[in-house]
Amino acid sequence: MKTNRRNFLGMVGSGTVALSLGAVESVAASTLAEENSAASGEKKVVILLTHPNYGDSKANRALVEAVKDIRGVTVVHLYDAPFTIAAYRDLLAGAGTVVFQFPFYWASAPSQLKKWCDEIFIGLAEQIKGVKLLVATTTGSEYDAYRSGRRNLFTLDELLRPYQVLAHHSGMVWQTPFVLYGASLPTAAESITAGTATYKEIIKKLLVES
């Protein structure tokens, strides 16, 4: 069990805060060794990264790289980690913030996060009361596409409501989502550079506030 947990924590790391060129909508990542996850008495930020093709990722990988060496941040990839309630109960002990990080697919997250919420989250309900929940996501489309009545009809705040409901019913503290827009556009490199810098500051702030 000890070996499995060490591998679990070393899988990949994670983190978050959203923007497209100049547009910031939110907040919240890293692969730290178990012994560096938090100093005595500190609250951790645990980033649950869900990306089915992380090896080819640019935006999500850049976000992880920006925060992975911050003390107190732990990043776990849900496609690689053990899928048991016990593993996550141990991981989330002492967490002040949980981050759901993922690329935005068809108005939702990749299916593994839904599976995690259905099968693992329910067993953690008592443990995570009062813990902050931040959604950090990336989109291929530009910021303006996610304005009311525009190409994608709704804002990201509206489309992410199911996670806000989850936080509300479990007693978690909902945080303004972090969104990095335009990851598939010609201007993606500029957006990613700006977004990772902002994301890093958000994670640091969450650690201080936890």
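Our subject is the structure listed above.
Some remarks on the pattern of salt bridges
Side chains bearing opposite charge may pair, as long as their charged atoms lie close to each other. Applying the stated rule across the entire model yields six salt bridges. The salt bridge partner of Glu126 is Lys129, with a shortest N-O separation of 3.6 Å. Take Glu126: its relative accessible area is 61%, and that puts it in the exposed class. For the salt bridge of Lys132 with Glu209, the shortest nitrogen-to-oxygen distance reads 3.3 Å. Remark: Glu209 occurs in helix α7 (residues 188-209) and Lys132 occurs in strand β6 (residues 132-138); sequence separation between them is 77 residues. Relative accessible area serves as the criterion here: at 41%, Glu209 is assigned to the partly exposed category.

Some details on the packing of aromatic side chains
Per the counting criterion, the structure on display carries nine aromatic pairs. Ring geometry for Tyr88 versus Trp116: centroids 5.5 Å apart, planes at 75°, classification edge-to-face. Remark: Trp116 occurs in helix α4 (residues 111-119) and Tyr88 occurs in helix α3 (residues 85-91); sequence separation between them is 28 residues. Taken as a pair, Tyr88 and Trp116 share a single burial class, namely buried. Centre to centre, the rings of Phe100 and Tyr163 are 6.0 Å apart; their planes meet at 75°, and the pair counts as edge-to-face. Placement of Phe100 in strand β5 (residues 95-103) and of Tyr163 in helix α6 (residues 161-170) is noted, with a sequence separation of 63 residues between them. In this structure, Phe100 and Tyr163 share a single accessibility class: buried. Among the aromatic residues, those joined into a cluster by ring pairs are Tyr88, Phe100, Phe102, Trp116, Phe121 and Tyr163. Lying across the ring of Tyr143, Arg147 places its NZ or CZ 4.0 Å from the centre.

Criteria and cut-off values
Residues numbered from 1 in each chain as written. Predicted model: local features only at pLDDT ≥ 70, side-chain atom pairs only at ≥ 80, totals over all residues. Heavy atoms only, no water. Salt bridge = Lys/Arg side-chain N within 4 Å of Asp/Glu carboxyl O. Buried < 20%, exposed > 50% of the residue type's maximum accessible area, 1.4 Å probe, protein only. Helix = DSSP H or I, 4+ residues; strand = E, 2+ residues; numbered from the N terminus. Phe/Tyr/Trp six-rings, centres within 6.5 Å; stacked < 30°, edge-to-face > 60°. Lys NZ or Arg CZ within 6 Å of the ring centre and 35° of its normal.

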